[in-house]
Every structure is written in structure tokens, then in C-alpha cells.
Amino acid sequence: MRVLVPVRRRVVEALLTLLGASVLIWALMPLAPGNPARMILVAQGVPEPPPEQISALERTLHLDRPVLAQYAHWLWGVVRGDFGLSFVSGRPVAGEFAERLPATLTLASASLALALALSVALGVLAARYPRRWPDQGTRWLALVFASVPGFVVALLLIQVFVVGLGFGKAALDGTWRQVWLPAICLAVDLSDTWSRLLRANLLGFLESPTAEVLRARGASRWRVLWRHGLPNSAVPSLHALAVGTAVLIGGATVVETVFTWPGLGSYVVESVKTRDLPVIQAFTVFATASYVVTSLVADLLSAVIDRRIAVDA
């Protein structure tokens, strides 16, 4: 029961955060210039919609109702997955999102797997040889990864692999077969922070009494690191992993745009250019929910792995 109380509290906090964010996101529409009903009709091929047609669509979209009623209608639609109509295409935003979401999830999954593999390799290597050349080398490598913007890495990968070696294509189709170049670009961007955090956690464990007992029983440094250090470093690393996962799920807009990856990121960049507010609202809701949900999952997993967190919360 002591575990359930903080779990319920964290769930309530997450719901309140989403509710507060929804108010700010919805406010984009009434504060923006122009008539949403007129924009949708123009997108549907009516260059100069008559006032009665605009009024009819406003009633359909509940834009003629009081502000609180408009917000309630919009929020109920979001809960049901209805984000309205695009100002540019005139199509339901949810349908256009559904077409592009698989490509974004494919890229996020591949990037996450590569980032985890690279971070674990660099973090364990640095912890195995602290303050020696492997540690210094991984530190400089992480510094380079953190200093170079993602779009620069993307352009370098295209120049070297696509233009120079003829490997892959610059315009990608969103499938697993072509995901690896943008995935490498995103994994490099995440692994700098993850690898240094893992190194610090592993070194902290190696200095603990538990590690001393294991070494006294004859366990090698490698065994202490892999068998015991990595599981004990899981809780401190969960929140960094959650934030990075939310970034990937929410859409790596720059990388998707450079590689013309047909996901949500490149789609929302075009929507910003055309001021397609329903699409921008939907993407903001999706990105915010990704951060809140992944953070909540990290909190709950931390409480499950280490019961002291649940009791002290």
C-alpha cells in the first residue's frame, strides 16, 4: 500500500500537467489571426467562401460557442483522437498523423537501440579504465558528439555515405531498410549524455562497499561492471533515457527534414511554414504527452526497481 500512494500521486500530477498544457496549446487557435472556418474552406477549394458557408462551418466546428465551451469541445476531441481539419489540406489531422506516425516510430526505435548500444559500450569502457586513455578518448568523443549540431552530422553522413560511397539515398521512404543513416545521426546526439552519465554511475558503484565485497570474493572488474554495475545504474539512468525517448517519439524535426524522412517531424516543419495551426496543435499535444508519459513510466519503474524511492516519495 505504501507503494500505491506515490504511484497514484504521480499519475494525478501527470494528468494535471497534461490538462494545464492543453489550455496553453488550445489558446494557439483563438489568439491566432484569421478565421479558422474560412481557412479550411479555402483549403477545400473555395477561394472566396460566402459568409453563410463560413457561418455554417463555424457552427459545425463549435466556433460560435463561448470560449469555455470551445475548449471543452476541443479537449473532448483530443481525448477521442480528433484534432480537427488541416488548414492546408482540409483533411482530418488525425488521419494525416496516422499516415506519418509509423515512420517516426521506426526512426525512434532504431535510434534508441543504437544510442543504448553506443552509450553502454562507451560508458563501460570509460568506467573500466578511469582517467586513462580509453576514458579520455570517450570523454573527447562525447564532447564532439555534444558540440556538433544534428543537422551538421546529417549533412556529413549524406556527403560521406550517399555522395561519396554511394551507400543509401538522401531521400528516404520511411522503411527499416533506409532508417540507419538518420538513426545514427540521432543516436550520436543522445549517446554523449547517456554515456557520461552511465560512466559516473558505474564509478560510483565501483567505490561502494558492495563492489569491494564482490572483488574480495574474486570477481573481476569486468564482471563487477557488467553483472552488477549495469543493473544498479539502471535507476539513475532511467530519467535521462525517458527524456531522450520522448525527444525521439516527439519527432526529431531537423534530422527528418534533412533526410526527407516522411515522419511527423518533417510534416510539422512544413505546417509551421504554412501556419497550419491544427497540425501544430496536434503535434504539440503529441510531443507534450510523450514527455509526460515517458517521465511517468520512468518514475514508476524506478519505484518498482528500488522500493526505497516509493517509500520516501
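Worth saying up front: this structure is predicted, and the values here are computed from it rather than measured.

### Topic: the pattern of salt bridges
Note on pairing: side chains with opposite charge can pair once their charged atoms come close. Tallied over the full model, the rule gives three salt bridges. Note that Glu96 and Arg91 form a salt bridge whose closest N and O atoms lie 3.8 Å from each other. The class of Glu96 is buried, set by a relative accessible area of 4%. The partner of Arg91 in a salt bridge is Glu99, with the nearest N and O atoms 2.7 Å apart. Overall, Arg91 belongs to the partly exposed group, its relative accessible area being 38%. Here the residues in one salt-bridge network are Arg91, Glu96, Glu99 and Arg100, joined through shared partners.

### Here's the deal with unusual backbone geometry
With phi around 60 degrees, Arg131 is a residue other than glycine that occupies positive phi space. Mapped onto the elements of the fold, Arg131 is located in the loop between α6 (93–128) and α7 (133–147). Residue Thr260 is not a glycine yet carries a positive backbone phi of 50 degrees. Here Thr260 lies in the loop between α13 (253–258) and α14 (264–274). The partly exposed category is assigned to Thr260, whose relative accessible area is 42%.

### Some points on the layout of surface pockets
Size it by volume and the largest pocket reaches roughly 490 Å³. Taken together, 22 residues form the lining of the largest pocket, with Met29, Leu61, Leu63, His73 and Trp74 sitting closest to its centre. Listed by contribution, the elements that provide at least two residues to the lining of the largest pocket are α2 (28–31), α3 (36–43), α5 (67–79) and α15 (277–305). Among the elements that line the lining of the largest pocket, the one with the most residues is α5, at four residues. Classifying every residue of the lining of the largest pocket gives 13 nonpolar, eight polar and one charged. In this model, the second largest pocket occupies a volume close to 310 Å³.

### Topic: the confidence of the model for the protein chain
Confidence in the prediction for the protein chain averages 81 pLDDT; 93% of positions are at 70 or higher. Confidence drops under pLDDT 50 across residues 309–313; counting only partners more than four residues distant or on other chains, this segment forms 12 contacts.

Rules of the game
All chains use their own residue numbering, which begins from 1 and follows the written sequence. Since the coordinates come from a predicted model, pLDDT governs what is reported: local features require at least 70, and pairs of side-chain atoms require 80 or more to be given and counted, while whole-chain, interface and lining totals use all residues. Based on all heavy atoms of the structure, the side-chain values leave hydrogens and waters out of the count. Between Lys or Arg on one side and Asp or Glu on the other, a salt bridge is scored when a side-chain nitrogen of the former is within 4 Å of a carboxyl oxygen of the latter. Each residue is placed in one exposure class: buried if its accessible area under a 1.4 Å probe, protein chains only, is under 20% of its type's maximum, exposed if it is over 50%, and partly exposed if it falls in between. Numbering goes from the N terminus for both helices and strands, where a helix is a DSSP run of H or I of at least four residues and a strand is a run of E of at least two. Whether a set of points on the 1 Å grid over the protein atoms alone is a cavity depends on a 1.4 Å probe fitting there but being unable to get out, while an open set qualifies as a pocket with protein on both sides within 12 Å along at least five of seven lines; lining residues are those with an atom within 4 Å of a point. Grid points are joined across faces, edges and corners, and a volume is the space filled by probe spheres set on the points. Here the nonpolar group is Ala, Val, Leu, Ile, Met, Phe, Trp, Tyr, Cys and Pro; Asp, Glu, Lys and Arg are the charged ones; every other residue, Gly included, is treated as polar. For every residue, the predictor assigns a confidence score, pLDDT, that lies between 0 and 100. When checking whether two residues touch, look at their non-hydrogen atoms; a contact exists if any pair is within 4.5 Å.

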